[in-house]
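# Architecture and fold: a report
Below, each chain spelled out in residue letters.
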Amino acid sequence: MVTPRLILVLGDQLSESLSALAAADPARDLVVMAEVRAEGVYVPHHPQKIALILAAMRKFAAHLRAQGWRVAYGALDDPDTAPSIPAELLRRAEEFGAAQVIATQPGDWRLIQALEATPLRLTLLPDTRFLCPPQVFAAWAEGRKTLRMEWFYREMRRRTGLLMEGDKPIGGQWNFDSENRKPAQPDMLRPRPLRFTPDAETEAVLTLVEREFPGHFGQLRPFAWATTRTDALLALDHFIRESLPRFGDEQDAMLADDPTLSHSLLSPYINLGLLSPLEVCKRAEAAFHAGKAPLNAVEGFIRQILGWREYMRGIWQIQGPDYLTRNALNHTAPLPAAYWGAPTRMACLKSAVAQTRDTAYAHHIQRLMVTGNFALLAGVDPAQVHDWYLAVYIDALEWVEAPNTLGMSQFADGGLLGSKPYVSSGAYIDRMSDYCGTCAYRVKERSGPRACPFNLLYWQFLHRHRARFEGNPRMAQMYRTWDRMEAQHRDTVLAEGRALLARLHAGEMV
Ligand SMILES: Cc1cc2nc3c(=O)[nH]c(=O)nc-3n(C[C@H](O)[C@H](O)[C@H](O)COP(=O)(O)OP(=O)(O)OC[C@H]3O[C@@H](n4cnc5c(N)ncnc54)[C@H](O)[C@@H]3O)c2cc1C
Ligand code: SF4
């Protein structure tokens, strides 16, 4: 008899098209899937995220079995399941007399290194579910000093033909972002994302997660995520029909009582492999051609997936594990306790964190311009910021979370990914949200006890990093504005900013 090979399928590799499955022989090989404790606790993942991954894994294993695969599934509550992926592979190798493992490249360096260190013969295949193969990204990046997403995105439009007329972009423009920066109004009739009632199998997982990960930040219930490809496709249909038409207009807006606005909430399904990025983009493109959604919405949506998502994957791939340790601005402050739910007077931060706790979701602008912006202004150690984002969001996987957090949001890579840091005063948040109206601080006050902390810390940040940013043409205007202020006002702002940072770093409520 031919010895079986072990085909590893991880919790974010739930796609029939997975390269490891394509390389395997169902008559000979054995699929190994395992709910190992180490993966649930290396950062304290949000309970909804753990539950989504476990429930989706269980259902994908059943789907593979129905298709004729033999699946060795290690459940979390099975005492025989090993505590880590490499240990589980060794256990299964011994049990089935296998010596070879075929795996698709995992999306975090920690796991890649752990797999490479196993004594088993390992074949690590590229993850072909991305639209841009690593060598194509590397060739594009080669020799460029800065890697601007917009140029990469245009290449990807040409490569896939999405929203193209020959070699020209449909509508005569590559990017319609200037139409996509509007604030939003509360609207009772705004369509809501599709929610799913947990079936008995998902309920069993929820009970397990409740028992096994009791101390993790975040509410487990209500749990309303899709856990199969069939349901993820329903969520996609619903988004394309109901919310895509408004996606562009509301993309950057924030409303305290409407945390999802017209966003898709599809990232967890795409990231786990339940939906493919190309099918999602094609559905959006088809809606445009059918006259069901305007170009600014469809282009904006496709750019997020074809542009930003692929670009982040490329950055993660070419930068390697060292990227995780970058700290170009030498920020060392601890993450404020408010990020873990401690009280804060700042309405925007309070709302973004409460929503994260309750739903494991925040949209891009909340992540970038509220929690990310504040951590950057407060000089928080980027490694702590990275751990937080990796833990708390339903869609957080290292390959996409790390470049977004360390590169885009915290400028920890020194500008490889963004030409300037994403920092703003309270004025941006006020323009794009309804948070400020209910805040204990005053967004228009630039000094004094009620001055918005973003205002104080914004100037403090620019002052602190003047040597680095003063010569940046995109920031020159900000320094000119600062320099035009009265010297006495500048001194007051800096002194109050320093005092605020000291209070924050001492763990006091702000
Ligand atoms: C600090 C920070 C951390 C982030 N961490 C993650 C993360 O761990 N996982 C993750 O998938 N996204 C992350 N993002 C990107 C973005 O915030 C989420 O993809 C988006 O909010 C998911 O919600 P949605 O599906 O409703 O997105 P929509 O607004 O509906 O966008 C559509 C799709 O575009 C893709 N997308 C949009 N923006 C990005 C981006 N910047 N990078 C990659 N894909 C993008 C996602 O697949 C998303 O589903 C992060 C952004 C920031 C600023
Ligand atoms: S005033 Fe400042 S702290 Fe308060 S909600 Fe507005 S931006 Fe946030």
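Provided above is the structure to which this section pertains.
Just so it is clear, the structure is predicted and the values come from calculations on it, not from any experiment.

Now for the sheet that holds strand E4 (residues 100–104). If you walk across this open sheet you meet the five strands as E3-E2-E1-E4-E5, and the pairing is parallel. Either end of the sheet is taken by a strand with one partner, and the two such strands are strand E3 (70–74) and strand E5 (121–125). For this sheet, the mean inter-axis angle between neighbouring strands, taken without regard to orientation, is 25 degrees. Bridge count for strand E1 (residues 6–8) against E4 is three bridges, and the pairing is parallel. By the bridge assignment, Ile7 is partnered in E4 with Ile102. Here helix H5 (residues 109–116) sits on the sheet and contacts E1, E4 and E5; the angle it forms with E5, its principal contact strand, is near 145 degrees.

A separate point is the site of ligand 1. In the region of ligand 1, 29 residues are neighbours, and His263, Ser264, Leu265, Asn271 and Tyr361 sit closest. Between Tyr361 and ligand 1, the recorded distance is 2.6 Å, taken from a side-chain N or O atom to an oxygen atom. Broken down by secondary-structure element, the contributors of at least two residues to the shell around ligand 1 are helix H10 (267–272), helix H12 (295–319), helix H14 (364–377) and helix H16 (398–409). Broken down by element, the shell around ligand 1 gets its largest block of residues, six residues, from H12.

A few words now on the pattern of salt bridges. Close approach of charged atoms allows side chains of opposite charge to pair. Using the criterion set out here, one finds 34 salt bridges in the structure. Glu279 serves as the salt-bridge partner of Arg229, at 2.7 Å between the closest nitrogen and oxygen. In this pair, Arg229 sits in helix H9 (residues 229–250) while Glu279 sits in helix H11 (residues 277–289), placing the two residues 50 residues apart along the sequence. Exposure remark for Arg229: the relative accessible area of 40% places this residue in the partly exposed category. By relative accessible area, which is 21% here, Glu279 ends up partly exposed. Through salt bridges that share partners, Asp187, Arg190, Arg192, Arg246, Glu250 and Asp258 make up one connected network.

Cut-off values and rules
- Residues numbered from 1 in each chain as written.
- Chains lettered and ligands numbered in written order.
- Predicted model: local features only at pLDDT ≥ 70, side-chain atom pairs only at ≥ 80, totals over all residues.
- Heavy atoms only, no water.
- Pairing = 2+ DSSP bridges.
- Helix = DSSP H or I, 4+ residues; strand = E, 2+ residues; numbered from the N terminus.
- Axes fitted to C-alpha atoms, helices over the stretch in contact; angles between N-to-C directions.
- Contact = heavy atoms within 4.5 Å.
- Near = heavy atom within 4 Å.
- Polar contact = N/O pair within 3.5 Å; in protein donor to acceptor, adjacent residues only side chain to side chain.
- Salt bridge = Lys/Arg side-chain N within 4 Å of Asp/Glu carboxyl O.
- Buried < 20%, exposed > 50% of the residue type's maximum accessible area, 1.4 Å probe, protein only.

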